[in-house]
Amino acid sequence: MASVALNNVYKYFDKNTVAVKDLSIDIKDKELVVLVGPSGCGKSTTLRMIAGLEDISKGELYIGDLLVNDVPPKNRDIAMVFQNYALYPHMTVFENMAFGLKLRKHPKAEIKQSVEKAADILGIKDLLSRKPKALSGGQRQRVALGRAIVRNPQVFLFDEPLSNLDAKLRVQMRTEISKLHSSLEATMIYVTHDQVEAMTMGDRIVVMKDGVVQQIDTPLSLYNFPQNRFVAGFIGSPAMNILDGKIIKDNGLWFDDGNLKLKLPRKYEEKLAGYMDEEVSFGIRPEDIYEAGFAHGLEETTVEASLTVEVVEPMGNEIFLYVSAGKHPMVARIDAHSQAAIGQKANLAFNMAKAHFFDAATEEAIQLKV
């Protein structure tokens, strides 16, 4: 296996279209790194540049110690798993998995051994004689994974491989890929628009927007310490609640958006003193908003507000409660035993010790770690 390094990489499709801008990532040997972001953010283009399917307009790409900007895809020792599986319909599962090895003139006995070993790992040994049309979506995806595994490449590349599967199968397959990463001890680069996939699979996550890297970090660090408003709103499901308002002084510091007024913990006063009467964005995650009666042990850091319930979504073990806060709708993850009802007022407690603040002009996080 090998490391992958992208140094100040750009991709221009024409003079007015810059798909990737000044991208630098160092991916360690045996690491699983996820590129995540909305459609059009440049993540798939980045993966295709690593694969050699797109030329790099500017910058350097290394696989291991080798500069591969001008190395053709077949010589980069990578294997790519595509969204649409890309299986040959006229070939059996065995023939699909063996195809790459046959092209490289591997001995038949070696091919058979490699295919059967990969099929055993993926639990598809009994499917080797079938053709793709006789397989389910999950089985086809396993065949596509098997075709990559038999290559024993330096780097595995995944381009939204689970997006065609149903929700239950996606959960199952992302677990399988994580297990595969551990068992193969492989370097893997995985592209998805699904931040839940990113959070559950990645050793590190690269968050992208408009061709620019917004933050590279571990899943928990991204979640707890987003560097800007975009990352805060993108990572997490449901998304972080973000309100625009001002910091005001009234016997302590408060956040005020004109409808909702929340008192800030004293420990933040020094950090936010420079933003007095200035526009800021306030963020709080849905799980840090409670029904007042369920906020036991958090009384010192909570501020209560009475808000109108607009939607109630029972999830079984919890409830997603959508409430009106003036021009800013909000969502809280509350106890499953709540009696909250649409149209009624809910007394909610905000755990302000978990608040996030962002500069209104730059959208960068105001660092509150104290």
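Everything here concerns the structure above.
Here is a short report on the structure shown in this document. (Residues numbered from 1 in each chain as written. Predicted model: local features only at pLDDT ≥ 70, side-chain atom pairs only at ≥ 80, totals over all residues. Heavy atoms only, no water.)

**Notes on the overall build of the protein**
As a reminder of what qualifies: Comment: elements are numbered from the N terminus, with helices defined as DSSP H or I runs of at least four residues and strands as E runs of at least two. Burial classes follow relative accessibility: with a 1.4 Å probe on protein chains only, a residue under 20% of its type's maximum area counts as buried, one over 50% as exposed, and anything between as partly exposed. The contact criterion used is simple: two residues touch if any of their non-hydrogen atoms lie within 4.5 Å. In short, Shrake-Rupley with a 1.4 Å probe defines the accessible areas, and a residue's cover is counted only from the protein chains shown. A positive count includes Lys and Arg, and a negative count includes Asp and Glu. His and the chain ends are not counted in either. Charge positions are represented by NZ for Lys, CZ for Arg, CG for Asp and CD for Glu.
Regarding its fold elements, the protein presents nine helices and 20 strands. If you line up the protein on its principal axes, its C-alpha atoms span 80 × 45 × 35 Å. Sorting the 370 residues of the protein into buried and exposed places 49% on the buried side. At a minimum sequence separation of 6, the contacts of the protein that also span at least 24 residues come to 67%. Counting only carbon and sulfur atoms, one obtains 48% of the accessible surface of the protein, whose full area is about 17,800 Å². Computed over 44 positive and 48 negative side-chain charges, the inter-centroid distance for the protein is 8 Å.

**Some thoughts on the sheet that holds strand β1 (residues 4–14)**
For clarity, the cut-off: Pairing between two strands requires that DSSP report at least two bridges joining them. Throughout, an axis means a line fitted to C-alpha atoms (over the contacting stretch in the case of helices), and angles, computed between N-to-C directions, take values from 0 to 180 degrees.
What the four strands build is an open sheet, ordered β2-β1-β4-β5; its pairing is antiparallel. Each edge of the open sheet carries a strand with a single partner, namely β2 (17–27) and β5 (66–67). Here β1 runs beside strand β4 (residues 58–63); their pairing, made up of five bridges, is antiparallel. Opposite Val-4, over in β4, you have Ile-63 as the bridge partner. The strands that helix α1 (residues 43–51) touches are β1, β2 and β4; relative to β1, the one it contacts most, it runs at about 115°.

**Some points on the sheet that holds strand β20 (residues 356–359)**
Strand order in the open sheet formed by five strands is β13-β12-β11-β14-β20, with antiparallel pairing between adjacent strands. The open sheet has two edge strands with one neighbour each: β13 (261–263) and β20. The average angle at which neighbouring strand axes cross in this sheet is 40°, direction not considered. Bridge count between strand β11 (residues 241–249) and strand β12 (residues 253–256): four bridges; the pairing is antiparallel. If you follow Ile-247 over to β12, its bridge partner there is Phe-255.

**Some thoughts on the packing of helix α4 (residues 137–151) against helix α5 (residues 167–184)**
To be explicit about the condition: Between 65 and 115 degrees an angle is taken as roughly perpendicular, under 35 as roughly parallel, over 145 as roughly antiparallel, and anywhere else as oblique. Two helices cross in a left-handed way if the nearer one is turned anticlockwise from the farther one by less than a right angle. They cross in a right-handed way if the turn is clockwise. Here the term charged refers only to Asp, Glu, Lys and Arg, the term nonpolar to Ala, Val, Leu, Ile, Met, Phe, Trp, Tyr, Cys and Pro, and the term polar to all other amino acids, Gly among them.
Packing of α4 against α5 brings their axes to within 11 Å, and their N-to-C directions diverge by 20°. Relative to α5, α4 is oriented roughly parallel. Crossing handedness for the pair α4 and α5: right-handed. For the pair formed by α4 and α5, the contact residues are Gly-137, Gly-138, Gln-141, Arg-142, Leu-145 and Ile-149 on the first element and Leu-169, Gln-172, Met-173, Glu-176, Ile-177, Leu-180 and Leu-184 on the second. Looking at the contact of α4 with α5, its residues break down into seven nonpolar, four polar and two charged.

**Points about the environment of Gly-245**
Tracing the backbone through its elements, the reader meets Gly-245 in strand β11. Distance in space between the C-alpha atoms of Gly-245 and Asp-277 is 9.3 Å, their sequence separation being 32 residues. With residues near it in sequence (within four places) discarded, Gly-245 still touches Phe-255, Asp-256, Asp-257, Glu-278, Glu-279 and Val-280.

**A word on the packing of aromatic side chains**
So the rule is basically this: Note on aromatic pairs: the rings of Phe, Tyr and Trp (six-membered ring only in Trp) are paired at centre separations within 6.5 Å, and the planes decide the class, stacked below 30 degrees, edge-to-face beyond 60, tilted for the rest. A ring is considered to have a charge above it if a Lys NZ or an Arg CZ atom is located within 6 Å of its centre and within 35 degrees of its normal.
Considering all chains together, one arrives at eight aromatic pairs under this definition. Ring pairing ties together the aromatic residues Phe-156, Phe-158 and Tyr-190, which thus form one cluster. One Lys or Arg, Lys-261, reaches over the ring of Trp-254 and ends 5.0 Å from the middle of that ring. The cationic tip of Arg-285 hangs over the ring face of Tyr-223; the distance from NZ or CZ to the ring centre is 3.8 Å.

**Considering the pairing of β2**
Across seven bridges, β1 lies against β2 in antiparallel orientation. Bridging across to β2, Leu-6 finds its partner in Ile-25. The turn joining β1 and β2, which pair antiparallel and follow one another in sequence, is formed by two residues.

**Structural notes on the layout of surface pockets**
To be explicit about the condition: Using a 1 Å grid laid over the protein atoms alone, points where a 1.4 Å probe fits but cannot get out form a cavity; open sets with protein on both sides within 12 Å along at least 5 of 7 lines form a pocket; any residue with an atom within 4 Å of a point counts as lining. Grid points are joined across faces, edges and corners, and a volume is the space filled by probe spheres set on the points.
Within this model, the largest pocket holds a volume of roughly 510 Å³. Taken together, 18 residues form the lining of the largest pocket, with Met-80, Phe-82, Arg-104, Arg-147 and Arg-151 sitting closest to its centre. When contributions to the lining of the largest pocket are tallied by element, the ones reaching two or more residues are β6 (78–81), α2 (93–103) and α4. Sorting elements by how many residues they give to the lining of the largest pocket places α2 first, with four residues. In terms of residue class, the lining of the largest pocket is built from 12 nonpolar, two polar and four charged.

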